[in-house]
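Topology and contacts: notes
Each chain, written out:
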Amino acid sequence: MELISISDVRFDDRGLVPAVVQQEGTGEVLMVAWMSAESLRLTLETGTTWFWSRSRQELWNKGATSGNVQRVRRVLVDCDADTLLVEVDSPGPACHTGNRSCFFRGLDDGADEKNGDV
């Protein structure tokens, strides 16, 4: 596997990169969050996921308050180096709602609207 350094990751103009968090072994997508260079460094150093909260403008360690810590198994970088895939062991819920994954809702296809049934 080819390895690159944090300095090769293409952070956006805010200094952030999207990180898709996936359960190791099952491939289940648990969440998508933003990482800064600092949160990525902390993730690699501590072996737990760290992110940048855009709303609070601060670093946060996933599970530090809830106890649902994500243990990092590996971090992959996409071909353009502008998105991360973080494979984790996440024994508890990943979503702040208490759901296993943040992706627990389906999107209404609008079939009623298309047929004039509003």
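Structure report, in brief. Please read these numbers as outputs of a predicted model, since none were measured by experiment.

**Quick notes on the overall build of the protein**
A tally of regular secondary structure across the protein gives 2 helices and 6 strands. Along its sequence from the N terminus, the protein presents helices and strands in the succession β-β-α-β-β-β-β-α. Referenced to the eigenvectors of the C-alpha coordinate spread, the extents of the protein come out at roughly 55 × 35 × 30 Å. Looking at the 118 residues of the protein, the share that counts as buried comes to 30%. Within the protein, residue pairs in contact and separated by at least 24 positions form 42% of the contacts whose partners lie at least 6 positions apart.

**Looking at the nonpolar core**
Formed by 15 residues in total, the largest nonpolar core has its most connected members in Val21, Met31, Met35, Phe51 and Val86. Ranked by the residues each element gives to this core, the list is headed by strand 2 (residues 29–36), at 4 residues. Beyond its immediate sequence surroundings of up to four residues, Val21 is in contact with Glu28, Val29, Leu30, Met31, Phe51, Gln70, Val86 and Val88.

**Considering the sheet that holds strand 5 (residues 71–77)**
Ordered in space as 2-1-6-5, the 4 strands form an open sheet in which the pairing is mixed. Both outer strands of the open sheet, strand 2 and strand 5, are each paired with one neighbouring strand and no more. Here the strands of the sheet are splayed against their neighbours by 25 degrees on average, with no regard to which way each runs. Across 6 bridges, the pairing between strand 5 and strand 6 (residues 84–89) is antiparallel. By the bridge assignment, Val77 is partnered in strand 6 with Leu84. Packing of helix 1 (residues 37–46) onto the sheet brings it into contact with strand 2, strand 5 and strand 6, and relative to strand 2 it is tilted by some 120 degrees.

**So, the packing of aromatic side chains**
Overall, the coordinates contain 1 aromatic pair when judged by the stated rule. Geometrically, the ring pair formed by Phe51 and Trp60 is tilted, given 5.1 Å between the ring centres and 45 degrees between the ring planes. By relative accessible area, which is 0% here, Phe51 ends up buried. Residue classification places Trp60 among the partly exposed positions, given a relative accessible area of 24%. It is Arg14 that lies over the ring of Trp34; its NZ or CZ is 4.8 Å from the centre.

**Description of the pairing of strand 2**
When strand 1 (residues 16–23) meets strand 2, the two strands line up antiparallel, connected through 7 bridges. Across the sheet, Val17 pairs through a bridge with Met35, a residue of strand 2. The hairpin formed by strand 1 and strand 2 contains 5 residues between the paired strands, and Gly25 there has a positive phi angle of roughly 90 degrees.

Cut-offs and rules
- Residues numbered from 1 in each chain as written.
- Predicted model: local features only at pLDDT ≥ 70, side-chain atom pairs only at ≥ 80, totals over all residues.
- Heavy atoms only, no water.
- Helix = DSSP H or I, 4+ residues; strand = E, 2+ residues; numbered from the N terminus.
- Buried < 20%, exposed > 50% of the residue type's maximum accessible area, 1.4 Å probe, protein only.
- Contact = heavy atoms within 4.5 Å.
- Core = buried A, V, L, I, M, F, W, Y, C linked by side-chain atoms within 4.5 Å.
- Pairing = 2+ DSSP bridges.
- Axes fitted to C-alpha atoms, helices over the stretch in contact; angles between N-to-C directions.
- Phe/Tyr/Trp six-rings, centres within 6.5 Å; stacked < 30°, edge-to-face > 60°.
- Lys NZ or Arg CZ within 6 Å of the ring centre and 35° of its normal.

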